[in-house]
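# Descriptive structure summary
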Amino acid sequence: VPVNVVFEKSRKFQEFLKSVVFYVLSGLYLNYIRIMSAIQSKQRACRWILRHQHKLKQAIRACSLQVKEAPNCDAMPAEEADSECTFRYDDLTTKLADPGRLRAKPEVSDLKFGHFFSDHMLKIQYHRKLGGWQKPVITPFENLSIHPAARVLHYAIQLFEGTKVYRGADGKLRWFRPDLNMIRMNRSAEMIGLPTFIGTELIKCIKRLVQIDQEWVPHSEQASLYIRPSMIGIDGTLGVAQSESALLYAILCPVGPYWAAGEEDSVSLLADPRYARAWPGGCGSSKLGSNYGPTIRVQSYANKRGLQQVLWLYGPQHYVTEVGTMNIFMVYLDDNGEKVLVTPPLNELILPGVVRHSILELARLWKECRVEERMFTMAELLKYQRSGRLLEFFGAGTACIVTPVTSIEYMGESIRIPSKDHPNPMYQKLRDYLAAIQYGHIEHPWCIVID
């Protein structure tokens, strides 16, 4: 082959190799540019996501829930609210605790009020921006996780209820008048700016919770299962305003007698007019935690004086209102010798107690005395006591049922109350009859039987 031909072919081969190398290097460079651009784009995207992650989470959740515009539930009574203004029992889901996490039940003799809790709890979230009430869920008993700025922690946006389930002599579980608790709970919610709901739906949800933890209902007529539904404002923002997010939850605890051993048959009270629990225009008629916290100082003062509870007075006339954990009743003989049962009327000073309501119904049904709902003063009580016409003075509440008062310390004087000195006192008849209803000795429509 001629040399010039070989040289020409060699030159073309070199050019071919150069072209190959150029294209390879060009491709690698372009890929490098694309990769770096992609990385920078991803970095920008990540930075954007981090800046907007809260809005994205809310949008994703809203889409998954198919949220509609939140209805105006505030202008609607709870009993008339539609499905968008309340949660529904039909949406309830349940997550049971692992068998290894179930706790041993305490002995009845070891029960103290509010010291032991069952294995499960009910939780229901409310978020106005997500359409209102979310689906209820029963979960293993657990601690709550809330924002440090939650309104419940800073402004006491909170309410609670107390109701009981009893194991009857026939083994059936009976829940005493929960409908009244639901009415009062909704009133408390309206008072403090928390969302309302349909009471029957919460009753069904709690009923299911009790069915799951039914073995926590004590097998004794000296004990019961106390149910504590609560609602708290959980908005993670500071500022005194109505809550747009809330958590309703219910926990269960087996309880024995409210009073310590030896104290359940009677209590002594401190009545000091220097202290007031509630006042007109306030929220004393609602079951709010803010009504109870400020009373602890006076309660401690009474305990140091050997007294169990505080009898709260109001105004310069020293009107009798209620005891810290009880509504109050007085039984006396009027000027004509007729027996009278009197209790303060429901107003802004008085909590509408479930047991109070039941006692008034029974007393009016029995017609053994005249029943009055009116204000009365310590001066009136002293007049009847000194003339021998004061027969009984007793308190009533879900926790303590019916408890007689044997003495009141008032204005430096110890006033002896003859509540237990009479045969067949009214407080005893009321307490026994209510217990007979609660434990199933008397079948009564006031109790809901839980299968």
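Scroll up for the structure.
Everything numeric in this text was worked out from a predicted model, so none of it was measured.

## Some remarks on the pairing of strand β13 (residues 326–333)
Taking burial as the measure, the eight residues of β13 include seven buried ones, the bulk of the element. Strand direction decides the pairing type here: strand β12 (residues 319–323) and β13, joined by two bridges, are antiparallel. Across the sheet, residue glutamate 322 finds its bridge partner in β13, namely asparagine 327. Following β12, the chain reverses through two residues before pairing antiparallel with β13.

## What about empty space enclosed by the protein?
Evaluated as defined, the whole model comprises two cavities of 30 Å³ or more. By volume, the largest cavity is sized at about 60 Å³. Lining the largest cavity, in full, are Gly162, Thr163, Lys164, Tyr166, Phe176, Asn181, Val354, Val355, Thr398, Ile401 and Gln438. Of all elements in the fold, only β6 (163–167) and α6 (354–366) reach the threshold of two or more residues within the lining of the largest cavity. It is β6 that provides the largest number of residues to the lining of the largest cavity, a total of three residues. Within the lining of the largest cavity, the residues separate by chemical class into five nonpolar, five polar and one charged.

## So, unusual backbone geometry
Notably, histidine 318 is not glycine yet its phi reads approximately 60 degrees, a positive angle. Even without being a glycine, methionine 411 presents a positive backbone phi close to 50 degrees. Structurally, methionine 411 is set in the loop between β17 (401–410) and β18 (413–416). The exposure class of methionine 411 is exposed, given its relative accessible area of 58%.

## Topic: helix α5 (residues 296–304)
Along an α-helix, a turn takes 3.6 residues, which lines up residues three or four apart on a common side. Buried within α5 we find Val298, Gln299 and Ala302. In a view along the axis of α5, the buried residues occupy a sector of 100 degrees, so they form one face of it. Facing away from the buried side of α5, by more than 90 degrees, are the exposed residues Ile296, Arg297 and Lys304. Residues of α5 that are buried sit in contact with β10 (267–271) and β11 (309–314).

## Here's the deal with the packing of aromatic side chains
Tallying each qualifying case throughout the model produces twelve aromatic pairs. When the ring of phenylalanine 113 is compared with that of tyrosine 226, the centres are 4.9 Å apart and the planes differ by 65 degrees; the resulting orientation is edge-to-face. Of this pair, phenylalanine 113 sits in the loop between β1 (93–94) and β2 (120–127) while tyrosine 226 sits in strand β8 (residues 224–233); the two residues are 113 residues apart in sequence, bridging distant segments of the chain. On the accessibility criterion, phenylalanine 113 (25% relative accessible area) is partly exposed. These aromatic residues form a ring-pair network of at least three members: Phe87, Tyr126, Trp133 and Phe197. If you follow lysine 429 out to its NZ or CZ, it ends over the ring of tryptophan 366, 4.3 Å from the centre.

## Examining the packing of helix α3 (residues 178–192) against helix α4 (residues 199–212)
Where α3 contacts α4, the two axes come as close as 9 Å, and the packing angle between them is 125 degrees. Here α4 runs oblique to α3, going by the angle between their axes. Like other packed secondary-structure pairs, α3 and α4 cross with a definite hand, here right-handed. Of the residues in α4, those in contact with Pro178, Asp179, Met182, Met185 and Asn186 of α3 are Gly199, Leu202 and Ile203.

## Observations concerning the pattern of salt bridges
Evaluation of the coordinates by the stated rule reveals 23 salt bridges. Salt-bridge contacts for lysine 123 lead to glutamate 142; the nearest nitrogen and oxygen are separated by 2.4 Å. Remark: glutamate 142 occurs in the loop between β4 (137–140) and α2 (151–155) and lysine 123 occurs in strand β2; sequence separation between them is 19 residues. The shortest N-O distance in the salt bridge between arginine 305 and glutamate 409 comes to 2.6 Å. In this pair, arginine 305 is assigned in the loop between α5 and β11 and glutamate 409 in strand β17, connecting sequence segments 104 residues apart. Judged by its relative accessible area of 42%, arginine 305 falls in the partly exposed class. Residues joined by salt bridges that share partners form a network here, namely Asp334, Glu338, Arg370, Glu372, Arg374 and Glu380.

## Re the nonpolar core
Across soluble globular proteins, nonpolar side chains show a tendency to be buried alongside one another. In terms of nonpolar packing, the biggest core is built from 35 residues, with Leu122, Val165, Phe197, Leu202, Val210, Met231 and Leu248 touching the most fellow members. Looking at this core, the elements that each hand over two or more residues are β2, β7 (173–176), α3, α4, β8 and β9 (245–255). No other element matches the six residues that α4 contributes to this core. Leu180, Val355, Leu362 and Ile437 belong to the second largest nonpolar core, which has 27 residues in total.

## Some thoughts on the side chain of histidine 120
Here histidine 120 shows up in strand β2. Polar side-chain contacts of histidine 120 include one of 2.9 Å to the backbone nitrogen of alanine 97. Among residues more than four places away in sequence, those in contact with histidine 120 are Lys95, Leu96, Ala97, Leu102, Ile138, Thr139, Pro140, Phe141, Leu209, Ile212 and Asp213.

## A word on the environment of proline 345
Along the chain, the position of proline 345 falls in the loop between β14 (339–343) and α6. For the pair proline 345 and phenylalanine 376, spaced 31 residues apart in sequence, the C-alpha to C-alpha distance is 9.9 Å. Residues contacting proline 345, with those up to four places away along its chain left out, are Ile350, Arg356, Glu373, Arg374 and Met375.

## With respect to the side chain of arginine 184
Inspection of the secondary structure puts arginine 184 in helix α3. Other than its neighbours up to four places away in sequence, arginine 184 contacts Glu161, Gly162, Lys287, Leu351, Pro352, Gly353 and Val354.

The rules we used
- Residues numbered from 1 in each chain as written.
- Predicted model: local features only at pLDDT ≥ 70, side-chain atom pairs only at ≥ 80, totals over all residues.
- Heavy atoms only, no water.
- Buried < 20%, exposed > 50% of the residue type's maximum accessible area, 1.4 Å probe, protein only.
- Helix = DSSP H or I, 4+ residues; strand = E, 2+ residues; numbered from the N terminus.
- Pairing = 2+ DSSP bridges.
- 1 Å grid on protein atoms, 1.4 Å probe; cavity = no way out; pocket = protein on both sides within 12 Å on 5 of 7 lines; lining within 4 Å.
- Points joined across faces, edges and corners; volume = space filled by probe spheres on them.
- Nonpolar A, V, L, I, M, F, W, Y, C, P; charged D, E, K, R; others polar.
- Arc of directions from axis to C-beta.
- Contact = heavy atoms within 4.5 Å.
- Phe/Tyr/Trp six-rings, centres within 6.5 Å; stacked < 30°, edge-to-face > 60°.
- Lys NZ or Arg CZ within 6 Å of the ring centre and 35° of its normal.
- Axes fitted to C-alpha atoms, helices over the stretch in contact; angles between N-to-C directions.
- Parallel < 35°, antiparallel > 145°, perpendicular 65-115°, else oblique.
- Left-handed = near helix turned anticlockwise from the far one by under 90°.
- Salt bridge = Lys/Arg side-chain N within 4 Å of Asp/Glu carboxyl O.
- Core = buried A, V, L, I, M, F, W, Y, C linked by side-chain atoms within 4.5 Å.
- Polar contact = N/O pair within 3.5 Å; in protein donor to acceptor, adjacent residues only side chain to side chain.

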